[in-house]
Structures are given as structure tokens and as C-alpha cells.
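# A closer look at the structure
So the chains spell out like this:
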Amino acid sequence: MKRLAILGSTGSIGQSTLSIVEQFPERYQVVSLAAGRNLDEAFAQAVRWRPKLISLATEELAGELSAKLKQAGVTGIEVVYGTQGTVACSTLPEADFVVSAIVGVAGLEATHAAILAGKPVGLANKECMVAAGEILTRAARQRNVPILPIDSEHNAVHQCLRVGAHSEVKTIWLTASGGPFRQLPLDQFAAITPEQALKHPTWVMGRRITIDSATMLNKGLEVIEACRLFDVTAAQVRVMVHPQSTVHSLVEYVDGSILAQISVTDMRLPILYALAYPERPASTLTFDLAALSHLDFEPPDFERFPCLRLAFDAAEKGGAHCIALNAADEVAVEAFLDRRIPFTGIPRTIERVLASTPEAHPATIAEVLAADREARETARALLA
């Protein structure tokens, strides 16, 4: 029985993880949940799963949840809050495995704390790896703790890498759907609305990641994440637009062999892979080979998607530039969704923030968070 701490339990990855637990009750048990601000869903999860510990975003929300649980006659669940509460969930002694699925850098401290506590991590939060990947991977190596990617592309790479040595890897190929604007004329990009950008052709995801997919910044963050997770250079990572989204990633070896991972577009599969690794339990997630009758691959258009170019530049520099890339994007996406800037304002904001970012390599999580705050302040000042 593997006992799970799920950070971001009310989000799409968190709920998909819980569906896996429901499907395999003999394998997995929930012992802690970090549920953010969704009070109603947090209450429902607490009643259903009876974790030992549950964390909410604020003291007020934690108080409300405690009252609701008491009124419902539910006992034995400790309710905590804030960053300290999330850290408590990720380091709970009973937890055997931590699913890190909190969006943004909000889950960074808890993810780092879990690694320091020697707990294997299933990582669905690419922002943690982008902002502090050098720190997280170093800590994981020192403690011999696995970081197993849940993000579909990196999970696919992880599977492909199981058949070859690290020295035999030539290129990691990340596939991208191209989002909803792959064929939209460039002169129409400034008129793109949030409603249009939120209609992803393949995946159902949260608001920020859906916008990032539309700008292809999401794929840029994945390039940086791949460099950290798999210890390769930015020059060894390439991106190909693949609208069908059936080939999730490929690994090219030095002898010319290319291995691809193919599966249904369902996040439960990479979640199950990470939870069960190195096993492969039988599941109902089957793939129809008829879907492979037509496959398209094309290089990305950097003029159409300048965010991807900016991400490759940040990956080359590393450190503070990767932190600033992620922070500026989060601020710019929020401004776009609030209709304060056009769609084309997202890459412009990121580029201006990166231009003012000094070259530096933070050595601690505190320094990472300080650099993140500084980049956000710069982005907000530019937008103001």
C-alpha cells in the first residue's frame, strides 16, 4: 500500500490522481491533501478520503472547513493552512509518495521539503522545475530520491529513456499540439480574445496552462524542465508541432534509433505510471491504433510563437532568466485574461522583463522566491 500526499488536490491533476486511487484501492491510500481555495471541493474530499491532514490556502478558509467538518460529524482530520500547511502535508511522516500539482511557484517550498525529507515526488508542476530545477535535482541526487514526471511529455520521455544509457541520448523531441492558433494568420493575433485562447483543441486544462499552450510558452517551460529532469543541454531538446497529440514525445539515440511514446490523451495514464513506477499495472486506458492513420509533424514558427524563442534563450542562460520567464508570463497571462493587454502583449511583457534580468544562479529556495518576486514586480510595473 502506497500512502499519498497530494498537493493541489482540487485541481485537474489532483482530481485525476484521486480517480486513480479510487480505481486501485488496494494499492493507494490518501494521507494528506493540500486543497488551496476551493472550500466546497476540499470538504467533499475530506469526507470521502478521510486524510490525516488537509491544508487550505488561508487561516479563514481553514477555520471554515474545520467548522463544516465538525458540523458533519467528521473527526480525526487536522486542518492547517498556508505555505506551512502545504509543507506539513508534503512532509507528513506517513506519506510514502508526494504528488506535486500546485500551479505556479506556490508549491515550490513544499516540493523541496518533500525531497529533503527523502520522499519520492511525482511532479506535475513544471514551474517548480523551471524556477528551481537546479536546486531540486541536486537535492534529489544527494538523497537518492526519484523525481518522476507526471507532465505527459516528460513522462513520455522518461518511458523512452528506460531503454538506453544517458550517454547514448542524442536529442529529446517534445511534441506540441500547436494550440488553437497554429494556422491563424499572424496579423490576427492582436485581436485574439481570452475566450478563443481558452479553447484548446486537444487537452482540458487549467486557465493559465491553456493560455500558455496557445502562446507555446508552455512548451518553452517544458524545454527548461527537460534540461533539468534529464540532465541534458538546451541544444539537445527540440520541439515539433504534432496536432494529433498522439505521440507525446520521442527520444533519438546516437545510433539513429528514435523511440516514441504513444497513448490516449488522458492524464490518468502518466499519473498511474508515476505512482506505480517501476511497475506497469493493468488499466482501462487503451489506445485505438486507427488514430495513427494520419500523423503530422512540423517545426514551430518562432515568429508566430515568440514565447517559445524566449524560453530557449532563457534555457541557455539558466538561473534567474528561467525564474523571470515563468514569473513574467504568469503576470502577463493574468493581465490578458483580465483584458488589460492583448494576446501579443504576453510575449512583449516577457521579453522586456528578461531584458532587465541580470545573470544570476540562486543557490537557495529563498533566493529563488526573491528573484521570482522581483520579476513579478518588474512585470506589473511595465504593465501599469
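Look up: the structure comes first, before these words.
Below, the structure is looked at part by part. Everything quoted here is computed from the prediction, not taken from an experiment.

### Re the overall build of the chain
When its secondary structure is counted, the chain shows 15 helices and 11 strands. Over its C-alpha atoms, taken along the principal directions, the chain stretches across nearly 60 × 50 × 40 Å. In the chain, which comprises 384 residues, the share counted as buried stands at 55%. When contacts within the chain are restricted to residue pairs at least 6 apart in sequence, long-range pairs at least 24 apart make up 72% of them. As displayed, the chain offers around 16,400 Å² of accessible surface, 50% of which is attributable to carbon and sulfur atoms. For the chain, the distance from the average position of its 35 positive side-chain charges to the average position of its 43 negative side-chain charges is 3 Å.

### Thoughts on the packing of helix α10 (residues 217–230) against helix α13 (residues 320–337)
When two helices pack together, their arrangement is captured by the angle between the axes and the distance separating the axes. Interhelical geometry of α10 versus α13 gives an angle of 150 degrees and a closest axis separation of 11 Å. Of the possible angle classes, the one that applies to α10 and α13 is roughly antiparallel. As α10 packs across α13, the resulting crossing turns out to be left-handed. Contact with α10, carried on its side by L217, L221, I224 and R228, involves C322, L325, N326 and D329 of α13 and no other residues of that element. In terms of residue class, the contact of α10 with α13 is made up of 5 nonpolar, 1 polar and 2 charged.

### Regarding the sheet that holds strand β4 (residues 78–81)
The strand order across the open sheet built from 7 strands is β4-β3-β2-β1-β5-β6-β7, with neighbouring strands paired in parallel fashion. Each end of this open sheet is capped by a strand with a single partner; those strands are β4 and β7 (147–149). Sheet twist, expressed as the mean angle between neighbouring strand axes with direction ignored, is 25 degrees. By the bridge criterion, 4 bridges tie strand β1 (residues 2–7) to strand β5 (residues 97–100) in an arrangement that is parallel.

### Brief notes about helix α3 (residues 59–71)
Every α-helix winds through 3.6 residues per turn, so residues three or four apart in the chain are directed the same way. Here α3 is 13 residues long and its end C-alpha atoms lie 18 Å apart, about the 18 Å a rise of 1.5 Å per residue gives. Burial in α3 covers these residues: L61, A62, L65 and L69. For α3, the angular spread of the buried residues around the axis is 100 degrees, confining them to a single face. Set apart from the buried face of α3 by more than 90 degrees, the exposed residues are E59, E60, K70 and Q71. Taken together, the buried residues of α3 touch α2 (39–49), β3 (53–56) and β4. With its phi angle positive at about 75 degrees, G73 sits one or two positions after the end of α3.

### Comments concerning the packing of α2 against α3
Two elements in contact, α2 and α3, have axes separated by 10 Å at closest approach and are oriented at 45 degrees. With respect to their mutual orientation, α2 and α3 come out oblique. Where α2 crosses over α3, the handedness of that crossing is right-handed. Contacts between α2 and α3 pair L39, D40, A42, F43, A46 and V47 from the former with L61, E64, L65, K68 and L69 from the latter. Here the contact of α2 with α3 is built from residues that sort into 8 nonpolar, no polar and 3 charged.

### What to know about the side chain of T175
With respect to the helices and strands, the residue T175 is situated in strand β8 (residues 169–176). The exposure class of T175 is buried, given its relative accessible area of 5%. Reaching out from T175, the side chain makes a polar contact with the backbone oxygen of V247 at a distance of 2.7 Å. Those residues in contact with T175 that sit more than four places away from it in its chain are E153, K219, M240, H242, V247, H248, S249, L250 and F297.

### Quick notes on the sheet that holds strand β11 (residues 258–262)
If you walk across this open sheet you meet the 4 strands as β9-β8-β10-β11, and the pairing is mixed. Taken across any chain shown, the strands that pair with only one partner, and hence form the sheet edges, are β9 (237–241) and β11. Adjacent strand axes in the sheet meet at a mean angle of 20 degrees when their direction is disregarded. Sheet analysis places strand β10 (residues 247–253) next to β11, joined by 5 bridges and oriented antiparallel. Looking at the pairing, L250 lines up with A260 of β11. Running over the sheet, helix α7 (residues 152–160) touches β8, β10 and β11 and is turned about 40 degrees from β10.

### Remarks on the nonpolar core
Counting 87 residues, the largest nonpolar core has L325, F336, F343, I346 and I350 as its most contacted members. Per-element accounting of this core gives the leading share, 12 residues, to α13. Once residues within four sequence positions are removed from consideration, I346 is found in contact with I211, T215, C307, D329, A332, V333, F336 and I341. Grouped together as the second largest cluster of nonpolar side chains are 36 residues, I20, L33, V74 and V99 included.

Rules used in this analysis
All residue numbers refer to positions counted from 1 along the written sequence of the respective chain. Local features in this predicted model are restricted to residues of pLDDT 70 or higher, and side-chain atom pairs are both shown and tallied only at a pLDDT of 80 or more, whereas totals for entire chains, interfaces and linings draw on every residue. The basis for every side-chain value is the complete set of heavy atoms in the structure, and neither hydrogens nor water enter the calculation. Working definition: helices are DSSP H or I runs of at least four residues, strands are E runs of at least two. Numbering for both runs from the N terminus. Accessible area is worked out with a 1.4 Å probe on protein chains only. A residue is then buried under 20% of its type maximum, exposed over 50%, and partly exposed in between. Contacts were defined at the residue level, with two residues in contact if any of their heavy atoms lie within 4.5 Å. Accessibility throughout is a Shrake-Rupley quantity obtained with a 1.4 Å probe, and a residue counts as covered only by protein chains that appear here. Under the convention used here, Asp and Glu are negative, Lys and Arg are positive, and both His and the chain ends fall outside the count. All charge positions are set by atom: Lys at NZ, Arg at CZ, Asp at CG, Glu at CD. Fitted lines through C-alpha atoms serve as axes, helices being fitted only where they are in contact, and the angles separating the N-to-C directions of these axes extend from 0 to 180 degrees. Here the word oblique covers every angle except those under 35 degrees (roughly parallel), over 145 (roughly antiparallel) and from 65 to 115 (roughly perpendicular). In this scheme the crossing of two helices becomes right-handed for a clockwise turn of the near helix relative to the far one and left-handed for an anticlockwise turn of less than a right angle. Side-chain classes follow a simple rule in which Ala, Val, Leu, Ile, Met, Phe, Trp, Tyr, Cys and Pro form the nonpolar group, Asp, Glu, Lys and Arg form the charged group, and the remainder, Gly included, forms the polar group. By the convention used here, strands pair only if DSSP detects at least 2 bridges between them. How far a helix is expected to stretch is found by multiplying one less than its residue total by 1.5 Å. The arc in question is the one traced by the directions running from the helix axis out to the C-beta atoms. As used in this structure description, the phrase polar contact means that two N or O atoms lie within 3.5 Å; if the pair is within protein, one of them must be able to donate a hydrogen and the other to accept it, and residues adjacent in sequence are counted only when both atoms belong to side chains. Nonpolar cores were defined as sets of buried Ala, Val, Leu, Ile, Met, Phe, Trp, Tyr and Cys residues, with membership established by side-chain atoms within 4.5 Å.

Remember that the coordinates give geometry; whether it matters functionally is a separate question.
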